[in-house]
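# Fold and geometry: a report
If you want the building blocks of each chain, they are given just below.
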Amino acid sequence: MSNPSFISLSRVSKTYDGVQLVVDDLNLDVSKGEFVSLLGPSGSGKTTTLMMLAGFESPTHGEIRLDGRRLDDKPPHQRDIGMVFQNYALFPHLTIAENVAFPLSVRHVGRAEQKARVKRALEMIELPHLANRRPAQLSGGQQQRVALARALVFEPSVVLMDEPLGALDKRLRETMQYEIMRLHRELSLTIVYVTHDQAEALTMSDRVAVFSDGRIQQAATPSELYENAQNAFVANFVGENNGLTGRVVNAHEGWATLALSNGSMIRGRCENGLHAGDEAMLALRPERAHIPGAEGTQPTEHDNVVRARVDELVYCGDHHRVHLTLGSRDSIVVKVPNTQRHALPTPGSEIDVAWRHDDCKILAMSARAAARRRFTYPHRPPLPSSRPHQQEPTDMRTIIKAQCAALAVLAFATVTTQAAETLSVVTFGGAYEAAAKKAYFEPFTQATGVGFSTESYDGGLAKLSAMEQAKNTTWDLIDLETNDAITACDEGLLQKFDKKTIGKTSDFIPGSISDCAVASMVWSTVYAYDASKMKTAPSTVNDFFDLQKFPGKRGLRKSPKVSMEWALIADGVAPKDVYKVLATPAGVDRAFKKLDTIKKNIVWWESGAQAPQLLADGAVVMTQAYNGRISDAAQKDNKPFKTVWDAQVYDFDWWGVPTGAKHADLAAKFIASASQPKAYADLSKYIAYAPPRKDAIALVDKQRLADLPTAPDNFKRALQINANFWADNADQINKRFQVWLTQ
């Protein structure tokens, strides 16, 4: 063989519950010295595959080989593999030299040899002058270089990298990309690299394996993936794509004709197996289409030509993005080079759009159904009253009645429940679980004798779905994020509950009750600043985007969610109209254009703990953050942080009872008691999450109320995250966001 396999994964599968495969019959070969990226969305199986190769997870089926040796029965330290993690994983109490030397010391390499190798490794990453510093004294880019040196210092056969550049800003990320590429080239390293960043994978890799649903959809060179996607998922996930759907008229010898919804007949390349009558997608890159006349070109017999209406022109520096509509529903984007030699079309006009037959591809569509039911989500709920308490006596009478109802529920539970019973609860753990124990669990135990067995998880529905399919549900109660609550209810994973048990539903913030779940609390994304370093205090979301009045770096979560909404509000869109505007291509362009104004000043973060740390370190002057993180830093760590509540974007966490729960009735009674005003108010004592009941606000201490999202003064311009919008549009906007990050 001219290019023998160095790493081989053969028919590898992985399941955690014996039912659902997170990696499904995977086959992948990597040659010696090759740089292969595993690319895919969250939950696609790429990181699990890397962890199995590293030895941190064991395959359920199949085998893994390195240079012909079976690996799947060996522990990590015996695999001769170096690992670079996203969070660096440096020891804070060791110097840089000691961190790099650690893999050598555990392998019992002599001191003289250790010193020589560490010296070479630090010279390789151009940081020998920082050998005696500690990790906290280095920048993020420097720490990542140290992590890379530590992975290479013992000269492993393979280096694995798990999204190592995800926490770096754009400039540092690009610098480190070239640094890793240089080391790969100079040292002839074999690298397997996990990322969800398409541009990163295309830039750095010899080959890219695109993952979805635990399977490799396509493994090919970057140019082959971009120019010749084998299926609709790859075409949509890698790069920007105009995906127009229609029915195949004919298909023969690698070519097909597709009928679009507006009647246009499109000819393009196709894969074998496509037949007349099949539903299919046309894959067309925006730069491959052109507008005859605007670019001085005319269509030929080798071009497809469609008639379209111009909706919007967006200036993007070196090109214009022209948004068009075909017929009544299909939309298309064309990139027109900004040569200024020819007149651009005007919005509202009808024009021809053309592209070569061999510049597009007709791909089979997935047959998976997309139908699902919805929660009803108002764009913004009515505000709790911020007027003086003219009706306080009435409100307090309502609260007292609610407390009586809660006592009645608990009394009933006490009579009908045996003390030996225990509810199995799964939560997100950490500070929230500790607060829930004090506010929700312990009072219920005192009243009923029922105990709680808690388990932490990171969200998602894979395990819950597997339990339901196996008809072996071991959880009685689950804490859910909004998107998961919607999906779980739609798919029958949660049982319906009786809304009468929680009291007056009109007392709840709109959107905080569904057919299957009740909000357990309200949390919010806000922005914060260090009051000790700001002469003038920012007060609006517009100030976050004002670099002239408030110069300096901004921290933003590395996600389009919230940042897109803020960009539109700062650009003059009323909060109530944000999702209406964002649902249009022009609105998405408008949001990105506003983000462009601060792009060079953005420091990206991914975990909630990073936001207050960036502020404390002085790396940013203000940062997007979760309100609870800022409140904790201010109260527990005495940080001089202040929260700006203008345009806060809030959401709920939810209580639900899994279908098939063994103590479903008891769990429903718990939800009823935990949904009473006093319980919600008690939770706010222990953590800065707000009650989803308006009548619970009156029970919260006034000083604590100032830290909560639903306090009247904080809620004036609040925006509820629209989970349905993001469920429908996340893939498309995330793809655009990843491209934008690299531009």
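Structure first, text after, so check above.
None of these values were measured; they are calculated from a predicted model.

### Some points on the overall build of the protein chain
Counting secondary structure elements, the protein chain contains 22 helices and 28 strands. For the protein chain, with 743 residues in total, the buried portion stands at 53%. For the protein chain, the share of sequence-separated contacts (at least 6 apart) that also reach a separation of at least 24 residues comes to 71%. A total accessible area of about 33,000 Å² is found for the protein chain, and carbon and sulfur atoms account for 49% of it.

### Section: the sheet that holds strand β1 (residues 5–15)
Across the sheet, which stays open at both edges, the four strands sit in the order β2-β1-β4-β5 with antiparallel pairing between neighbours. At either margin of the open sheet sits one strand with a lone partner, and together these are β2 (21–31) and β5 (69–70). As paired elements, β1 and strand β4 (residues 61–66) share five bridges and run antiparallel to each other. Looking at β4, one finds that I7 is bridged to L66. Each of β1, β2 and β4 touches helix α1 (residues 46–54); the most contacted strand, β1, lies at about 120 degrees to it.

### Considerations on the state of the cysteines
All told, the structure shown has one disulfide when counted by the stated rule. The disulfide partner of C489 is C516, and the S-S distance across this bridge is 2.1 Å. Where C489 bonds to C516 through sulfur, the torsion about that S-S bond is close to 55 degrees, and the disulfide is right-handed. Pair noted here: C489 is in helix α12 (residues 482–490) and C516 is in the loop between α12 and β23 (517–530), with a separation of 27 residues, a long-range link.

### Notes on the side chain of T195
Here T195 is to be found in strand β8 (residues 191–195). T195 sits in the buried class, given a relative accessible area of 2%. Side-chain polar atoms of T195 contact the backbone nitrogen of D197, separated by 2.9 Å. For T195, the side chain forms a polar contact with the side chain of E200, separated by 3.0 Å.

### A short note on the nonpolar core
Within the largest apolar cluster, 40 residues are counted, with the highest numbers of intra-cluster contacts made by F545, M564, W566, Y579, L582, W726 and W740. Elements with a minimum of two residues in this core: β23, α13 (541–544), α14 (563–570), α15 (578–582), α16 (585–596), β25 (602–605), β27 (641–656) and α22 (723–742). Ranked by residues supplied to this core, first place goes to α22 with seven residues. Not counting the four nearest positions on each side in its chain, F545 is found in contact with W566, A567, A570, K594, L595, T597 and I598.

### Section: the pairing of strand β26 (residues 622–626)
Across the five residues that make up β26, a large majority, four, are buried. Two elements, β23 and β26, share five bridges in a ladder whose sense is antiparallel. Looking at the pairing, V526 lines up with A625 of β26. For strand β24 (residues 554–557) and β26, the ladder comprises two bridges, and the chain directions are parallel. Residue G555 lies in a different strand from β26, and its bridge partner there is T623.

### Overview of unusual backbone geometry
In the Ramachandran plot, D25 falls in the positive-phi region, its phi being about 50 degrees despite a non-glycine side chain. For D25, the position within the fold is in strand β2. By relative accessible area, which is 24% here, D25 ends up partly exposed. Positive phi values are uncommon outside glycine, yet D213 reaches one of about 55 degrees. Note that D213 resides in the loop between β9 (207–212) and β10 (215–220).

### Here's the deal with the packing of helix α2 (residues 96–106) against helix α3 (residues 111–124)
Relative to each other, α2 and α3 sit at 125 degrees, their axes nearing to 9 Å. What the angle tells us is that α2 and α3 run oblique. Between α2 and α3 the crossing geometry is right-handed. Between α2, through I96, A97, V100, A101, L104 and S105, and α3, the contact on the second element is made entirely by Q114, R117, V118, A121 and L122. Looking at the contact of α2 with α3 residue by residue, the class counts come to eight nonpolar, two polar and one charged.

### A few points about the sheet that holds strand β7 (residues 158–162)
The strands that make up a sheet are held in pairs by hydrogen bonds between backbone atoms, and each pair lies either parallel or antiparallel. An order of β6-β7-β8-β3-β9-β10 is seen for the six strands of this open sheet, with the pairing classed as mixed. The outermost strands of the open sheet, each flanked by one partner alone, are β6 (81–84) and β10. On average, adjacent strands in this sheet sit at an angle of 20 degrees to one another, irrespective of strand direction. Here α1 sits on the sheet in contact with β3 (35–39), β6, β7, β8 and β9, set at roughly 145 degrees to β7. Contacts from helix α4 (residues 140–152) reach β6 and β7, with the element oriented near 170 degrees to β6.

### Quick word on the packing of aromatic side chains
Summed over all chains, the structure comprises 26 aromatic pairs. Residues F444 and F670 carry aromatic rings whose centres are separated by 5.5 Å and whose planes lie at 90 degrees to one another, so their mutual orientation is edge-to-face. One end of the pair, F444, is in helix α10 (residues 430–448); the other, F670, is in helix α19 (residues 664–674), and 226 residues separate them in sequence. Residue F444 is classed as buried on the basis of its relative accessible area, which comes to 1%.

### Quick word on the packing of α2 against α4
At a minimum axis distance of 7 Å, the contact between α2 and α4 shows a crossing angle of 30 degrees. Accordingly, the angle class assigned to the pair α2 and α4 is roughly parallel. Considering how the two elements wind past one another, α2 and α4 form a crossing that is right-handed. Of the residues in α4, those touching α2 at I96, N99, V100 and P103 are V146, A149 and R150. Of the residues that constitute the contact of α2 with α4, the class distribution is five nonpolar, one polar and one charged.

Parameters and conventions
- Residues numbered from 1 in each chain as written.
- Predicted model: local features only at pLDDT ≥ 70, side-chain atom pairs only at ≥ 80, totals over all residues.
- Heavy atoms only, no water.
- Helix = DSSP H or I, 4+ residues; strand = E, 2+ residues; numbered from the N terminus.
- Buried < 20%, exposed > 50% of the residue type's maximum accessible area, 1.4 Å probe, protein only.
- Contact = heavy atoms within 4.5 Å.
- Areas by Shrake-Rupley, 256 points an atom, 1.4 Å probe, with all protein chains shown as cover.
- Pairing = 2+ DSSP bridges.
- Axes fitted to C-alpha atoms, helices over the stretch in contact; angles between N-to-C directions.
- Disulfide = S-S within 2.5 Å.
- Polar contact = N/O pair within 3.5 Å; in protein donor to acceptor, adjacent residues only side chain to side chain.
- Core = buried A, V, L, I, M, F, W, Y, C linked by side-chain atoms within 4.5 Å.
- Parallel < 35°, antiparallel > 145°, perpendicular 65-115°, else oblique.
- Left-handed = near helix turned anticlockwise from the far one by under 90°.
- Nonpolar A, V, L, I, M, F, W, Y, C, P; charged D, E, K, R; others polar.
- Phe/Tyr/Trp six-rings, centres within 6.5 Å; stacked < 30°, edge-to-face > 60°.

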